[in-house]
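Coordinates in review
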Amino acid sequence: MKKYITTAIPYVNGDPHIGHAMDYCLADVYARYLKMKGNEVRVQAGTDEHGSKIYQKAEELGISVDEYVKQNSDKFKEFIAKLNVKYTDFIRTTDPEHERRCQEIWRRISDHIYKAEYEGWYCTGCERFITDKEVSENNGICPDHQKAYEKLSEENYYLRISDYKERIIEAISSGELLILPEFRKKEILKLIEDSPDVSVSRPRSHLPWGVEVPNDPEQVMYVWMDALSNYITVLGYPDVDISDYWPAEAQFVGKDILRFHAIIWPAILLALNLPLPKTIVSHGFVLADGQKMSKSIGNVVNPVEVLEKHGTDAFRYYFLRHIDTFSDSDFTWDKFEKAYNNELANDLGNLVQRLATLISKNDVEIKLVGLGLDDEFSKLMNKFEFSKAFDYTWGKVQDINKKIDEEKPWVLAKNGETEKLEKVLNELANSLVSVNKMLSPFLPATSKKIASVFEEGEITPPREPLFPKQ
RNA sequence: CGCGGGGUAGAGCAGCCUGGUAGCUCGUUUGGCUCAUAACCAAAAGGUCGCUAGUUCAAAUCUAGCCCCCGCAACCA
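Keep in mind it's a predicted model, so treat the numbers as computed, not measured.

**A word on the pattern of salt bridges**
- Under the defined criterion, the tally for this structure stands at 33 salt bridges.
- Residue E104 pairs with R108 through a salt bridge whose shortest N-O separation is 3.2 Å. Within this pair, E104 and its partner R108 are both found in helix α4 (residues 96-108), separated by 4 residues, close to a single helical turn.
- Using a relative accessible area of 24% as the deciding quantity, one classes E104 as partly exposed.
- On the basis of relative accessible area, R108 is assigned to the partly exposed category, the value being 43%.
- Across the salt bridge formed by D334 and K338, the nearest N and O atoms sit 3.2 Å from each other. Taken together, the positions of D334 and K338, both in helix α12 (residues 333-361) and 4 residues apart, correspond to about one turn of that helix.

**A word on the protein's contact with RNA strand B**
- In the neighbourhood of RNA strand B, 47 residues make up the surrounding shell, with P196, R202, Y222, R259 and N350 lying closest.
- Within 4 Å of the protein, the atoms of RNA strand B are drawn from sugar and phosphate moieties in a proportion of 61%.
- Contact distances for RNA strand B include 3.1 Å between a sugar or linking oxygen and a side-chain N or O atom of R184.
- In the model, a phosphate oxygen of RNA strand B is placed 3.3 Å from a nitrogen or oxygen of the K469 side chain.
- If you list the elements that add at least two residues to the surface near RNA strand B, you get α1 (18-36), α7 (182-193), α8 (223-233), α9 (258-271), α12 and α14 (386-407).
- No other element matches α12, which puts 11 residues into the surface near RNA strand B.
- Class assignment for the residues of the surface near RNA strand B results in 15 nonpolar, 15 polar and 17 charged.

**Details of the pairing of strand β8 (residues 150-159)**
- In the sheet, strand β4 (residues 113-123) pairs with β8 via 10 bridges, with the strands oriented antiparallel. Note on β8: the bridge partner recorded for G120 is L152.
- Sheet topology places β8 next to strand β10 (residues 198-199); 2 bridges connect them, and they run antiparallel. For L159, the partnering residue across the bridge sits in β10 and is V198.

**Regarding the packing of aromatic side chains**
- All chains considered together, the criterion is met by 29 aromatic pairs.
- Each ring, one from W106 and one from Y157, has its centre 5.6 Å from the other, and the planes form 90 degrees; the classification is edge-to-face. Linking W106 in helix α4 with Y157 in strand β8, this pair joins segments that are 51 residues apart in sequence.
- Each member of the aromatic cluster is reached from another via a ring pair, and the members are Y30, Y33, F252, Y317, F377, F384, F386, F390, W394 and F442.
- Over the face of the ring belonging to Y245 we find R42, whose NZ or CZ atom lies 5.1 Å from the ring centre.

**Points about the layout of surface pockets**
- In this structure, the second largest pocket occupies an estimated 170 Å³ of space.
- Here the residues of the lining of the second largest pocket sort into 6 nonpolar, 2 polar and 4 charged.

**So, the confidence of the model for chain A**
- With 95% of its residues at a pLDDT of 70 or more, chain A has an overall mean of 88.
- Across the interface, the model reports ipTM at 0.87; the global pTM reads 0.92.

**Looking at unusual backbone geometry**
- Cis geometry is adopted by the peptide bond preceding P181, which originates at L180 and carries an omega value of -5 degrees.
- Among the secondary structure elements, P181 is positioned in the loop between β9 (178-180) and α7.
- Positive phi outside glycine occurs at N273, with the angle close to 65 degrees.

**Topic: the domain arrangement of chain A**
- Under the domain assignment, chain A is made up of domain 1 (2-284) and domain 2 (332-454).
- Put simply, the middle of domain 1 and the middle of domain 2, counted by C-alpha atoms, are 42 Å apart.
- Listed per partner, the contact involves 13 residues of domain 1 and 14 residues of domain 2.
- When domain 1 packs against domain 2, close to 1100 Å² is buried across both sides, 78% of that on carbon and sulfur atoms.
- Area buried by domain 1 at its contact with domain 2 is led by V29, Y33 and M36, which between them contribute 47% of it.
- Linking domain 1 with domain 2 are 0 salt bridges.
- Secondary structure elements with two or more residues in the side of domain 1 that touches domain 2: α1, β14 (250-254) and β15 (279-283).

**Digging into the sheet that holds strand β11 (residues 201-203)**
- Reading across from one edge, β11-β13-β12 is the order of the 3 strands in this open sheet, with antiparallel pairing throughout. Either end of the sheet is taken by a strand with one partner, and the two such strands are β11 and β12 (212-213).
- Pairing of β11 with strand β13 (residues 216-221) involves 3 bridges; the strand directions are antiparallel. Looking across to β13, one finds that R202 is bridged to V220.
- Contacts from α4 reach β11, β12 and β13, with the element oriented near 100 degrees to β13.

Procedures and definitions
Residues numbered from 1 in each chain as written. Chains lettered and ligands numbered in written order. Predicted model: local features only at pLDDT ≥ 70, side-chain atom pairs only at ≥ 80, totals over all residues. Heavy atoms only, no water. Salt bridge = Lys/Arg side-chain N within 4 Å of Asp/Glu carboxyl O. Helix = DSSP H or I, 4+ residues; strand = E, 2+ residues; numbered from the N terminus. Buried < 20%, exposed > 50% of the residue type's maximum accessible area, 1.4 Å probe, protein only. Near = heavy atom within 4 Å. Polar contact = N/O pair within 3.5 Å; in protein donor to acceptor, adjacent residues only side chain to side chain. Nonpolar A, V, L, I, M, F, W, Y, C, P; charged D, E, K, R; others polar. Pairing = 2+ DSSP bridges. Phe/Tyr/Trp six-rings, centres within 6.5 Å; stacked < 30°, edge-to-face > 60°. Lys NZ or Arg CZ within 6 Å of the ring centre and 35° of its normal. 1 Å grid on protein atoms, 1.4 Å probe; cavity = no way out; pocket = protein on both sides within 12 Å on 5 of 7 lines; lining within 4 Å. Points joined across faces, edges and corners; volume = space filled by probe spheres on them. pLDDT = per-residue confidence, 0-100. Domains from an automatic or database assignment. Contact = heavy atoms within 4.5 Å. Buried area = accessible area lost by both parts, 1.4 Å probe. Axes fitted to C-alpha atoms, helices over the stretch in contact; angles between N-to-C directions.

Next comes the structure, spelled out in structure tokens:
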């Protein structure tokens, strides 16, 4: 089977942060799992490079926008590589092919787009429209710029969400378009009901850096139009038949951008007469000590620092097991260190060491029977309950440690019970190899090392501990 | 009364739908073991299950009211 998985494309006005890592890791785990099941999997990644903020930032830095976005896009590529996340397709929204395809998409859905006047409060400092609520909260004055908001009107294009509202609501509530977790689905369903038509363009004067609206050089596409399209333009749409891979098996997004993916995106797809993605998985935020990470509080955890501390798999371990797949969870250095030492080093690393030693010391021949994937594990993975699946897998790791203590192979060896010893160690080795399969989507490098110890000829303990204690 | 989620051992959570000895992981203490990265295994301590009332032989679980926390309400992963 051919499957397609997408990640959200980050806006490149800053460095990669820990939230981006969540997206990549989750998508990667699912992709590796599907591959293990024998599917042909395509994984998209990319960068969102249009919009006025980027334009401004480049100007501030005194470099060309092209150069600025290229630099930042490369940073993300590097970051993804550091996470050992594999993608098959990388898209940059400033890629001319993408821009052309976007315009073609616009043409194809133009029956559902109309032009209208938009009037609202505008801050010339922020260069954006401000919601009525925000205006009243700030008493009509922008706190960042100490300037009064101005009433401004402009002509924009609108996407008629109302044409598809019923259809989208139906698809989401029936599960045809599955939104995970359930509580987000409820939120979205409520949100769609009240969703007005969406503005999908800006006058070029406000948004100089973007994709031009076909047949209207004065208007530029709203970044979400351009960004959402990436999921199919990267496959070659509309030049190429994408039906092998579209609809996507799963689209991974942060909870903050779920609404665009669950409202605007389905509307665009329906207007194009394309099927809706099968699943949108919305993950939570990583909190630092219970608080949202923010530059002003100064509690931002640098993902690269975490990666470098104990390596990629330790990073993946913490973020895939101790950060819940769906809800917000905490990162603290203390928890990370504990997880590394007590779980990775003691439970798993030590298990590999002791079992390999037992086998090699006693010169026991191991026959691998090639067990299939655990049903319970598959069940959890199919529901995108990755942290629970990982928990389950870890329970199996601990079971093997327990079993070793119960069977006491060292006693069997001492008493010369070779037959029993052989049987016990074979059972244990087979269990570990089968658990290792479950580990492989989560900890690919570690899993490879374990496989090389137990599945490639003579078994000798790894020369270097898998996870050296610190 | 905007919508939604939640309040269970020091921490993080499960159990609630389908009432019946309050459970898991980490941490703490004690014991066991020696194959192993002083790792592993076992046991113990620790909870008025937010508060109040109701239904019931029996409520963490069902009902009602109240208190508190959090998420969402258009561009912040």
